[in-house]
Structures are given as C-alpha cells and as structure tokens.
Amino acid sequence: MADRMITKNIMIVGVGGQGTLLTSRILGGITVKAGYDVKLSEVHGMAQRGGSVVTFVRYGEKVAEPIVEEGQADLLIAFERLEALRYAHFLKKDGVMVINDWRIDPITVVTGVREYPENILETLAQEHTVYAINAMEEAIRLGNSKTFNVIVLGMAARHMDFDRQAWLDVIADTVPPKTVEMNQKAFLVGFESKVS
C-alpha cells in the first residue's frame, strides 16, 4: 500500500457496540500522521439494537469522497463472521479480509425467522484471502473483553504500510488515557498473532 497516488479503501463492519467508531478513529489517526488525505464515513444500521454498522476509511494523496463502492475495498475488517459474509461483495478481487471469528445472532436468527449460516469462514476463503482470529477469546485472556476490536485491528495492521510504533503512538493519542496500556497490549496480540 505504499503508492501515495492510489487511494486505499478500508471497510470496518460489525454490530452496534463493537467499537467500529474507535477503530475508524485509530485508522484515521495513523493515515493523517503518515501525511495522507483521509475521509471517514459511518453508515449505521440499527446500531443501538445490535444492527449492522459499517465504517469506510479512504486515504491517499487526495481523496474526494468517503464512500467505498462495491468491489473496491482493499481491506475488509469484520468484527463478526456474518457481517463479513454480508459485506464480502465490497472487497476487491485481490483484497484481504481480517475477521473476528465470533458469532452474534441477528434478530432474525434470535426470533427463528432465519438460521445462522454454517462454515462462513470456509465459504469466504473459497473466493477471498481470509485471516481469522478469535479476538474475543484473546481479549478475555488479556483481562478486558472490550479490547477485542483493537486485537482485530492489530491483525489488519499487518496488511498496511504503517510501522508498529506509529500504530502504538496513535492508539495512545486516541483511546482514554487509563486504557492506553491495555489497548496497546491488545493491538500487539493481533499484530504478532500467528496467521490462520
């Protein structure tokens, strides 16, 4: 992702309350720090009720608009498996998906209207480059389940051209002061994880 003339497109998808906003703020911070023009846009579904939340981050030499078109995302960061499946059509042919291997049943599944699809990661891997991590499990192991999104971001950061220390600095500038150390640890769990 080193060519400054080419605009890079990132999508963050998840369920309301999973930290997509914080993740997009960290991404916005790292791109601005590196001297890029950046545009962020959030598209909320029923975020308060566990609905889909989508955030677009676009950066480059000059970025005109914040929306990522279908088939144009270089990187899709998904905080839940079904959300990855729902938005997979936004990914470029040579794009990368980083997925939190976690299940949250949408209301249609909870009420019995639909069934939660089986083998989502395997299905996505047939057409896309997929890296998955059970970030919730890792976050619980760290002692703070709320940091799972930063773990996923850490894994995604390996597919971007910003160095480790720059990420840690931006995290320190973005998260509440008392959570800096925990969030930096969480980021490193993802950044240093074994690819699966």
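This write-up is about the structure you can find in this document. Everything numeric in this text was worked out from a predicted model, so none of it was measured.

1. Topic: the overall build of the protein
A tally of regular secondary structure across the protein gives 8 helices and 6 strands. Put simply, the protein runs from its N terminus to its C terminus through helices and strands in the order β-α-β-β-β-α-β-α-α-β-α-α-α-α. Since a compact globule built from 196 residues should have a radius of gyration of about 16 Å, the 16 Å found for the protein is in line with a globular shape. Projected onto its principal axes, the C-alpha coordinates of the protein cover approximately 50 × 35 × 30 Å.

2. Regarding the nonpolar core
Counting 39 residues, the largest nonpolar core has Ile 10, Leu 27, Leu 75, Ile 77, Met 160, Trp 167 and Phe 187 as the members making the most contacts within it. Looking at this core, the element that brings in the most residues is helix 6 (residues 148-157), giving 8 residues. Listed in part, the 23 residues of the second largest apolar core include Ala 84, Ile 99, Val 109 and Tyr 116.

3. Topic: the packing of aromatic side chains
All told, the structure shown has 9 aromatic pairs when counted by the stated rule. Seen in terms of ring centroids, Phe 79 and Phe 148 are 5.7 Å apart; in terms of plane orientation they differ by 80°. Their pairing is edge-to-face. Within this pair, whereas Phe 79 is found in the loop between strand 4 (73-78) and helix 2 (81-87), its partner Phe 148 is found in helix 6, the two being separated by 69 residues in sequence. This pair shows no difference in class: Phe 79 is buried, exactly as Phe 148 is. Look at Phe 187 and Phe 191: their rings are 5.5 Å apart centre to centre, the planes differ by 20°, and that puts the pair in the stacked class. Taken together, the residues Phe 187 and Phe 191, both in helix 8 (residues 180-191) and 4 residues apart, mark about one turn of the helix. In this structure Phe 187 comes out as buried when scored by relative accessible area, which is 0%. A cation over a ring is seen here: Arg 103 above Tyr 116, with NZ or CZ 4.1 Å from the ring centre.

4. Re the pairing of strand 3 (residues 52-60)
Residues in a regular strand project their side chains so that they alternate between the two faces of the sheet. Counting buried positions over the 9 residues of strand 3 gives 9, a clear majority of the element. Because side chains alternate across strand 3, one face comprises the buried residues Ser 52, Val 54, Phe 56, Arg 58 and Gly 60, and the other comprises Val 53, Thr 55, Val 57 and Tyr 59, equally buried. As paired elements, strand 1 (residues 8-15) and strand 3 share 8 bridges and run antiparallel to each other. Bridge pairing in strand 3 places Asn 9 opposite Arg 58.

5. Describing the pairing of strand 1
Counting buried positions over the 8 residues of strand 1 gives 8, a clear majority of the element. Where burial is concerned, the two faces of strand 1 agree: the one with Lys 8, Ile 10, Ile 12 and Gly 14 and the one with Asn 9, Met 11, Val 13 and Val 15 are both buried.

6. Details of the environment of Val 43
By the element assignment, Val 43 lies in strand 2 (residues 37-44). For Val 43 and Asp 101, which are 58 residues apart along the polypeptide, the C-alpha to C-alpha distance reads 23 Å. Not counting residues within four places of it along the chain, the set of residues in contact with Val 43 comprises Ser 52, Val 53, Val 54 and Phe 56.

7. Re the environment of Leu 22
Tracing the sequence through the fold places Leu 22 in helix 1 (residues 20-33). Residue classification places Leu 22 among the partly exposed positions, given a relative accessible area of 23%. In sequence terms Leu 22 and Met 136 are 114 residues apart; their C-alpha atoms lie 16 Å from each other. Filtering out sequence-adjacent residues up to four positions away, Leu 22 remains in contact with Asn 149, Thr 174 and Val 175.

8. Describing the packing of helix 7 (residues 164-174) against helix 8
Helix 8 packs onto helix 7 with a crossing angle of 150° between their chain directions and a minimal axis gap of 9 Å. Crossing handedness for the pair helix 7 and helix 8: right-handed. Contacts from Arg 164, Trp 167, Leu 168, Ile 171 and Ala 172 in helix 7 reach Val 180, Asn 183, Gln 184, Phe 187, Leu 188 and Phe 191 in helix 8.

Calculation notes
Residues numbered from 1 in each chain as written. Predicted model: local features only at pLDDT ≥ 70, side-chain atom pairs only at ≥ 80, totals over all residues. Heavy atoms only, no water. Helix = DSSP H or I, 4+ residues; strand = E, 2+ residues; numbered from the N terminus. Rg over C-alpha atoms; globule rule 2.2 N^0.38 Å. Core = buried A, V, L, I, M, F, W, Y, C linked by side-chain atoms within 4.5 Å. Buried < 20%, exposed > 50% of the residue type's maximum accessible area, 1.4 Å probe, protein only. Phe/Tyr/Trp six-rings, centres within 6.5 Å; stacked < 30°, edge-to-face > 60°. Lys NZ or Arg CZ within 6 Å of the ring centre and 35° of its normal. Pairing = 2+ DSSP bridges. Contact = heavy atoms within 4.5 Å. Axes fitted to C-alpha atoms, helices over the stretch in contact; angles between N-to-C directions. Left-handed = near helix turned anticlockwise from the far one by under 90°.

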